[in-house]
Each structure stands twice: as structure tokens, then as C-alpha cells.
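Here is what each chain is made of, one letter per residue.
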Amino acid sequence: MSRTRARLGAEARALGVEPGVYLMKDDSGAILYIGKAKSLRARVSTYFQGAPRESPRTELLVGRVSAFEVILTETESEALILECTLIKKHKPPFNVRLKDDKAYPYLRVDAREEFPRIDWTRKARRDGARYFGPFPSAWSARQVLQLLNETYRLRDCSDNTFRHRTRPCILHQMGKCSAPCVGKIGREAYADGIASALRVLEGRDDALLRSIEDSMKAAAEREEYERAAWLRDQAAHLRVVVETQGVDDAGTDRDRDAVGLARKGDVAQAALLQVRGGKLISVSHFHLQNAAILHRGEGLPAPFVDILVDGKKVERAEPARGRMVENAP
Ligand code: SF4
């Protein structure tokens, strides 16, 4: 086994078991491949084990990899979304092209409307509305949309239909809509329903999920297994939607740079995460030597952060109080 492969294997075995995305790079720092993993340690380690690959393509990839970087995510669903975003952004040569340039769906709410509805869309625009997603499962997103509409009795009709109704539709008769189209609910009461739905989508209110789970148990105890299974599915869809809120701030102009620092004795590692247009698009790691000059409990000194963030002009930079070199290769 080559020394590079042995070194990368050791680094992979030192990874955590959290889910996340990994980026394989060549000796010039170019991204060769982006993948996702339920457990980064288990997945990345498989690339650098001694046994020959079944796939010549993977063997070719491993032969060219000089370094890898990882981005941890809270959930596997987040890893899936982040992987998709990064592949679209960087187009690594070893990633098979997404067949139909698949766009994951979002839920959209424009709270500026008098009686907003929750929309399902595959395109997040910077139009001032709030977007939730993207969601790894279009089916789950649609199920949650319906669940929220029915729970909070929100309108499901298009703006055009809404404007021209003279009588409520059957959804009102079924108790699934409060019929704002004909003034059966006031603006404030309707806004309360929208606010509750937003809290669920933001993951700030798990009362709905708990209530579904309670109903599921009660249905199972009454031996209503079909209903219990339906409720179980609803809870699963809701979890999928709530679990994918950490890696995309769609529909915003938000550009952010986040710098993190971990230090052990004289050695420190900084990570720079770059968010552009609300999406996490890149991560870079940097070794900081002579890190003892940093005071315990403090973050990076402002000049270091400026150097990291200003267009990543960090390679071989020589700040006043320590030497900073790029980690890989
Ligand atoms: S009851 Fe009125 S507001 Fe509700 S979905 Fe039907 S048409 Fe739309």
C-alpha cells in the first residue's frame, strides 16, 4: 500500500461516526469526488483499505486522492442535501452527472400576503418569501404540506381561486380549511395558524409530532392498525422535513463565513465554512502552528479571521503572531 493511502487510511479511521459529506481532493487541491455518509469514519475508511476495488473508476479515484475534507451534518438527510448542493457547485469529475439535474423541493410561505398559503416548489427564488428545504423526499414534503394545511386549517387553493370564491369549497365542509376566502376567519386568527405551521417547519415546535405519536399509540392500543400505520408514516414524513433545516437557507441573499477553531496545546485547526446565497458551498481547514499564543477560551484573533475570509488568501500567509499553512495535501 502506498504511503499516501496509508496516511489517508489513518486519517479516515480517526474520523467521527457522525453523518456528513466528504470531499476527495488531488494534490493540487482540486475536488475529485464528493460523497455523503451515514458514518464518515466507516464510509471514508473503505476507500483506503488495502484490498483492490471492485470498480476501476473507484480505484482510479483513490490513486489520485491526496487529501480529503469532511463537513459534519446533524442528520443523514442534511448530508444528502449538502452533497447535492456541493456537487452542483463544484461538478467533480468522479461524480456521475445527476441524470435530470434533479432539484429537491421546497415549501414556500409568503407571510406578507393577507392570507398566506404554503406552496410546494422546486425553485427557491429571492422574492422575500420564506423557503423551507430542500427536502430529500418530494413525497414527504407533499405529505407534510397537507398535514400542516389540515392541522391549522390553512387554505390550499391558488391565489386566483381564492380571490374569486363566493362560497367555501369542500375542504371547508370537511373541516380542513377555515375558509378565509369568504371571511369565515379573521386575519389575526388565520395568522396564528400560519405562525404555528412555521414553528413546526423551523423545528421549533414538536407538539405536532408528539400529538401524532400519541395518536399512533392510542390507535395501536385500540387495534386500529391501519390508522396507526398511517400516523406512523405522517410522523416519519414530518421528521424528514424537520431534519433537513441545517444546510440550506434558501431564498435568501445571505452570504456568511463561519470560522471555527479547535486547539490542543501548541497545535490548532481552523475551519472556514462559506455560505453563498444561503447555501453552504465550501469548507476549508487550516493548521495553525504555535497556537499557544491563542488564549484559552478565545476564538481566532480578528486579523486571522480577516485573512481566512478575504478570498481565502491564506496559502502560506504569515500573520504577525503565528504561521498559518493550508492543511491539505
Ligand atoms: S375553503 Fe376557500 S380558502 Fe379554503 S381552500 Fe377552499 S376555496 Fe380556498
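Right above here is the structure, for reference.
Per chain, residue numbering runs from 1 following the sequence as it is written. It should be noted that, the model being predicted, local features are given only for residues of pLDDT at least 70 and side-chain atom pairs only at 80 or more, the latter also being counted only at that level, while totals for whole chains, interfaces and linings use all residues.

Draft legend 1. Structural detail: the overall build of the protein. Here a helix means four or more residues in a row that DSSP labels H or I, a strand means two or more in a row labelled E, and each is numbered from the N terminus. Across its full length, the protein carries 11 helices and 10 strands. Throughout, a pair of residues is in contact if the C-beta atoms placed from their backbones lie within 7 Å. Excluding contacts between residues fewer than 6 apart, the proportion of contacts in the protein whose partners are at least 24 apart in sequence is 64%.

Draft legend 2. Just the nonpolar core, in detail. Core analysis: the largest hydrophobic core is formed by 58 residues, its most contacted members being Val21, Tyr22, Val44, Phe68, Leu107, Leu148 and Ala197. Segment limits for the domains were obtained from an automatic or database-derived domain assignment. Each of domain 1 (3-90) and domain 2 (106-242) gives at least three residues to this core. Once residues within four sequence positions are removed from consideration, leucine 107 is found in contact with Ile118, Asp119, Trp120, Phe132, Gly133, Ala141, Leu145 and Leu201. Nonpolar cores are built from buried Ala, Val, Leu, Ile, Met, Phe, Trp, Tyr and Cys residues. These are joined into a set through C-beta atoms within 7 Å. The exposure label follows from counting other C-beta atoms within 10 Å of a residue's C-beta, where the C-beta atoms are placed from the backbone and the thresholds are 20 or more for buried and 12 or fewer for exposed, leaving partly exposed in between.

Draft legend 3. Just the site of the ligand, in detail. Looking at the ligand, there are 14 residues lining it, with Arg155, Cys157, Cys169, Cys177 and Cys181 nearest. When contributions to the shell around the ligand are tallied by element, the ones reaching two or more residues are α6 (159-164) and α7 (170-173). Charged means Asp, Glu, Lys or Arg here, nonpolar means Ala, Val, Leu, Ile, Met, Phe, Trp, Tyr, Cys or Pro, and polar covers whatever is left, Gly included. Residue composition of the shell around the ligand, by class: 9 nonpolar, 2 polar and 3 charged. The C-beta atom of each residue is placed using the backbone, and any residue whose C-beta lies within 6 Å of a molecule or strand is treated as near it.

Draft legend 4. Looking closely at the sheet that holds strand β4 (residues 106-109). Strand order across the open sheet formed by 3 strands is β5-β4-β6, with antiparallel pairing between neighbours. Where the open sheet ends on each side, the last strands, each with one partner, are β5 (118-121) and β6 (130-132). Going across the sheet, the axis of each strand differs from the next one's by a mean of 30 degrees, ignoring polarity. The sheet contact formed by β4 and β6 spans 3 bridges and is antiparallel. The residue of β6 that forms the bridge with valine 109 is arginine 130. Packing against the sheet, helix α5 (residues 138-152) makes contact with β4 and β5, and its axis sits at approximately 170 degrees to β5. Criterion used throughout: strands pair if DSSP finds at least two bridges between them. Angles here are taken between N-to-C directions and fall from 0 to 180 degrees, while the axes themselves are lines fitted to C-alpha atoms, restricted in helices to the stretch in contact.

Draft legend 5. Layout of unusual backbone geometry. Here lysine 91, not a glycine, exhibits a phi torsion of approximately 45 degrees, which is positive. Tracing the chain through its elements places lysine 91 in the loop between α4 (76-90) and β4. At alanine 179, a residue that is not glycine, the phi angle is positive and equals roughly 60 degrees. Note on placement: alanine 179 falls in the loop between α7 and α8 (187-201).

Draft legend 6. Here's a closer look at α8. The span expected for a helix works out to 1.5 Å for each residue beyond the first. Taking 1.5 Å per residue as the helical rise, α8 with its 15 residues ought to reach 21 Å, and the 21 Å between its terminal C-alpha atoms agrees with that figure. Those residues of α8 that are buried are in contact with β4, β5, β6, α5, α9 (207-221) and α10 (225-242). Where α8 terminates, the next one or two residues include glycine 203, which has phi positive at roughly 75 degrees.

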